[in-house]
Amino acid sequence: MKKVLRKSLSVFLSALMFLTIVPAFVFAADEVAIPTITLEKVSETQTEVVIRLALKENGFNCLDLQVYAADGLTLTAIVPDSTVSSACSSNVANGMISIASLNGCVAPLSIAEYTYTKESADGVVADDFDITISACYVGSIGNETDITDDVVVANDVPATHSHVGGDWVETTAPACDAEGEETSYCTECGEVADTRPVDKADHTNTTELHLDPTCTQDGYDKVFCLDCENYVSETVLPKTDHTVATTESKEPTCTEDGYKKEICSCGYVISETVLASEGHTEASRDKKAATCSEDGYIKVICECGEVMEEITLPSPGHSYITDIRNSTCEDEGYVQTICRMCGDVEAKTTLPSTGHSWLDWETVKEPTVSAEGIERRICDNCGADEERSVPRVVVAPTELVMSMQEVSMNYRATMRLFVNVLPEDAAYSTDIIWESSNPEVATVNEDGEVYAVNLGTATITATSADGRVSATCEVTVKYSIIQWIIVYILFGWIWYL
């Protein structure tokens, strides 16, 4: 009786679903006529392109279709044709369009126009677009045929971009000695569509230029064309003689001669007189004392910084003594021969460390079931100490008590199981291992969390790590009322096929 009620409910829900979708289909034939869907360019500018989706041959009742565009093209609008707008839904976010027509769609038919903005002015081509058919049905109610894989898709967007010329624009002005150029730019992508020459101009816009001659360069009188920026004629004016404008001098130093120069305003040296050097004069003395390994010196220095004389002070050599440091428990000692003046080590012998002389370990803190203990020992020589831990007291478990012995779970639900370890002191040193007898029904993780995988029963077992004791819980997985309703709505109609 229960099964009959379930099937009746499934039939009712399935019929209700069909009635809310379409009352009838217009295509019912023994041989299915395969529709042809095309994509073609309607219009294009440098910032926008419009693509038309059309049915070219045969027809359909229902269609789910998605148009993909290359990077740089952003879909801003989907405008269905008025013929299908009442039976059409679309999604600008992903380019999806769905049509469910009561009377069917028959070619030729404009389905919708897609409008895209362009990040680049480049013209679009066929490779920039693609169509994916996810569903296509023809036929009548109860005899629908899914022909998704057979639908013919034709991308009629041109494979290459052809320029569409616009108005002529002067890109190079004509000069007196060269032709100019006019350019027509493509209205769709902005690139050059065509060019043509413009006749050159005459030297009609001229001006006269004059430059007075100087002592270093000639002057001139020139006629200059302002249009082509070339000289039409030129007359040279010869340069003049040099004249004294300034006198420059430099005093002599210990090592270099000085001079006196007469210079023209253009920088040319008209005459030059040499002033002889006067030689070095002592200004200071620099001293450095001798060390055990290096000589010292006394230097006589001129006003110009050059060393006039240098006297060497001989090194006295090292004065070695014996230095001793006794070794300790941890550090090495040594006996070395060292210079008392500069610290240079001539010879050194290392004395190994003596090592600690440890007394017996003494208990500082006794171990318990919940905490480790501590032991300490002391070096009899230097008083250093070190500690070590003492393991916790281990109490073996005698019994495990599960928080639940039986439990019922909904499909895909989770819950947590707990176990109590007896005696209580054993809980500090007892690790629990969780296992499921049927992981295809229910799984359990290391913390006792159970997950309902599928309908059925499974036994969850908690066992102490030493294997001494264990406890179990019987888990039954079932559908909730809501889950049963969903299953009947989605799959109940299959019982009647």
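Above: the structure in question.
Attention in this report is confined to the structure presented alongside it.

Thresholds, definitions, all that
Residues numbered from 1 in each chain as written. Predicted model: local features only at pLDDT ≥ 70, side-chain atom pairs only at ≥ 80, totals over all residues. Heavy atoms only, no water. Helix = DSSP H or I, 4+ residues; strand = E, 2+ residues; numbered from the N terminus. Rg over C-alpha atoms; globule rule 2.2 N^0.38 Å. Contact = heavy atoms within 4.5 Å. Areas by Shrake-Rupley, 256 points an atom, 1.4 Å probe, with all protein chains shown as cover. Phe/Tyr/Trp six-rings, centres within 6.5 Å; stacked < 30°, edge-to-face > 60°. Buried < 20%, exposed > 50% of the residue type's maximum accessible area, 1.4 Å probe, protein only. Lys NZ or Arg CZ within 6 Å of the ring centre and 35° of its normal. Core = buried A, V, L, I, M, F, W, Y, C linked by side-chain atoms within 4.5 Å. Pairing = 2+ DSSP bridges. Axes fitted to C-alpha atoms, helices over the stretch in contact; angles between N-to-C directions. Patch = residues over 30% accessible without salt bridge, like charges linked within 9 Å, V, L, I, M, F, W, Y side chains within 5 Å. Salt bridge = Lys/Arg side-chain N within 4 Å of Asp/Glu carboxyl O. Polar contact = N/O pair within 3.5 Å; in protein donor to acceptor, adjacent residues only side chain to side chain.

**Quick look at the overall build of the protein**
And step 1. If you tally the helices and strands in the protein, you get two helices and 37 strands.
And step 2. Relative to the globule expectation of 23 Å for 497 residues, the C-alpha radius of gyration of the protein, 52 Å, shows a markedly less compact shape.
And step 3. Along the longest, intermediate and shortest principal axes, the C-alpha atoms of the protein span 135 × 115 × 25 Å.
And step 4. Contacts spanning at least 24 positions in sequence make up 50% of the contacts within the protein whose residues lie at least 6 apart.
And step 5. Per element, the accessible surface of the protein, about 31100 Å² overall, is 49% carbon and sulfur.

**Notes on the packing of aromatic side chains**
And step 1. On inspection of all chains with the given rule, the structure shows five aromatic pairs.
And step 2. Ring centres 6.4 Å apart and planes at 20° place the aromatic pair Tyr114 and Tyr116 in the stacked group.
And step 3. Judged by its relative accessible area of 1%, Tyr116 is buried.
And step 4. An aromatic cluster is defined as three or more aromatic residues linked by ring pairs; in this entry it consists of Tyr114, Tyr116 and Phe129.
And step 5. Sitting over the face of the ring of Tyr334, Lys348 holds its NZ or CZ atom 4.8 Å from the ring centroid.

**Regarding the nonpolar core**
And step 1. With 33 residues, the main nonpolar core has Leu65 and Tyr114 as its most contacted residues.
And step 2. Every element with two or more residues in this core is listed here: β1 (36-44), β2 (48-57), β3 (59-69), β4 (73-80), β6 (96-106), β7 (109-118) and β8 (129-138).
And step 3. Apart from the residues lying within four places of it in its own chain, the contact partners of Leu65 are Ile37, Leu53, Gly95, Met96, Ile97, Tyr114, Ile131, Thr132, Ile133 and Ser134.

**Here we look at the sheet that holds strand β21 (residues 296-302)**
And step 1. A sheet is described by the order of its strands in space; here three strands give the open sequence β20-β21-β22, paired in antiparallel fashion. With one partner strand each, in any of the chains shown, β20 (282-288) and β22 (307-313) form the two edges of the open sheet. Shown here is a sheet whose adjacent strand axes are inclined to one another by a mean of 15°, direction ignored.
And step 2. Looking at chain direction, β20 and β21 are connected through six bridges and run antiparallel. Counterpart to Asp286 in the pairing with β21 is Lys299.

**Remarks on a nonpolar patch on the surface**
And step 1. Together, Ile481, Ile482, Ile485, Ile486, Ile489, Leu490 and Phe491 make up a nonpolar patch on the protein surface, roughly 690 Å² of accessible area in all.
And step 2. For Ile489, the position within the fold is in helix α2 (residues 481-491).
And step 3. Relative accessible area serves as the criterion here: at 33%, Ile489 is assigned to the partly exposed category.

**Quick look at the sheet that holds strand β31 (residues 414-416)**
And step 1. Read across the sheet, three strands follow the order β31-β35-β34 without closing on themselves; strand pairing throughout is antiparallel. Among the strands making up the open sheet, the edge pair consists of β31 and β34 (442-444). For this sheet, the mean angle separating the axes of adjacent strands, direction not counted, is 20°.
And step 2. Pairing between β31 and strand β35 (residues 449-452): three bridges, direction antiparallel. The residue bridging Met415 from the neighbouring strand is Val450, located in β35.

**Thoughts on the pairing of strand β30 (residues 406-410)**
And step 1. Burial of β30 is one-sided: the residues Val407 and Met409 facing one way are buried, the residues Glu406, Ser408 and Asn410 facing the other way are not.
And step 2. When β30 meets strand β37 (residues 470-478), the two strands line up parallel, connected through five bridges. Bridge pairing links Ser408 to Thr476 in β37.

**Some thoughts on the environment of Thr132**
And step 1. Summarising the element assignment, Thr132 is placed in strand β8.
And step 2. A relative accessible area of 33% means that Thr132 is categorised as partly exposed.
And step 3. Put simply, Thr132 and Thr148 are 16 residues apart on the chain and 9.6 Å apart in space, counted from C-alpha to C-alpha.
And step 4. Once you skip the residues sitting within four places of it in the chain, Thr132 turns out to touch Asp64, Leu65, Gln66 and Tyr68.

**Some details on the environment of Val169**
And step 1. Here Val169 is to be found in strand β11 (residues 165-172).
And step 2. Not counting residues within four places of it along the chain, the set of residues in contact with Val169 comprises Glu181, Glu182, Thr183 and Tyr185.

**With respect to the pattern of salt bridges**
Pairs can form between side chains of opposite charge once their charged atoms are near each other.
And step 1. According to the stated counting rule, one finds 13 salt bridges in the structure shown.
And step 2. Across the salt bridge formed by Lys41 and Glu44, the nearest N and O atoms sit 3.0 Å from each other.
And step 3. Glu375 is the salt-bridge partner of Arg388, the closest N and O atoms lying 2.7 Å from each other. Of this pair, Arg388 sits in strand β28 (residues 385-390) while Glu375 is found in strand β27 (residues 373-378), placing the two residues 13 residues apart along the sequence.
And step 4. Arg388 sits in the partly exposed class, given a relative accessible area of 40%.
And step 5. What emerges from the salt-bridge pattern is a single network uniting Glu40, Arg52, Lys56 and Glu113.

**Overview of unusual backbone geometry**
Backbone phi values are negative for most residues with the exception of glycine, while trans is the configuration of most peptide bonds.
And step 1. Pro108 follows Ala107 through a cis peptide bond whose omega is -5°.
And step 2. Tracing the backbone shows Pro108 in the loop between β6 and β7.
And step 3. Between Leu422 and Pro423 the backbone carries a cis peptide bond, its omega angle lying at -5°.
And step 4. Inspection of the secondary structure puts Pro423 in the loop between β32 (419-422) and β33 (432-436).
And step 5. The backbone phi angle of Asn58 is positive, close to 60°, even though this residue is not glycine.
And step 6. Here Asn58 shows up in the loop between β2 and β3.
And step 7. Here Asn58 falls in the partly exposed class, since its relative accessible area comes to 35%.

**As for the side chain of Lys118**
And step 1. Among the secondary structure elements, Lys118 is positioned in strand β7.
And step 2. Classification of Lys118 as buried rests on a relative accessible area of 9%.
And step 3. Among the polar contacts made by the side chain of Lys118, one reaches the main-chain carbonyl oxygen of Ala121 at a distance of 3.4 Å.
And step 4. The contact partners of Lys118, leaving out residues within four places of it in the chain, are Glu44, Thr45, Gln46, Thr47, Glu48, Val49, Gly72, Leu73, Gly123 and Glu188.

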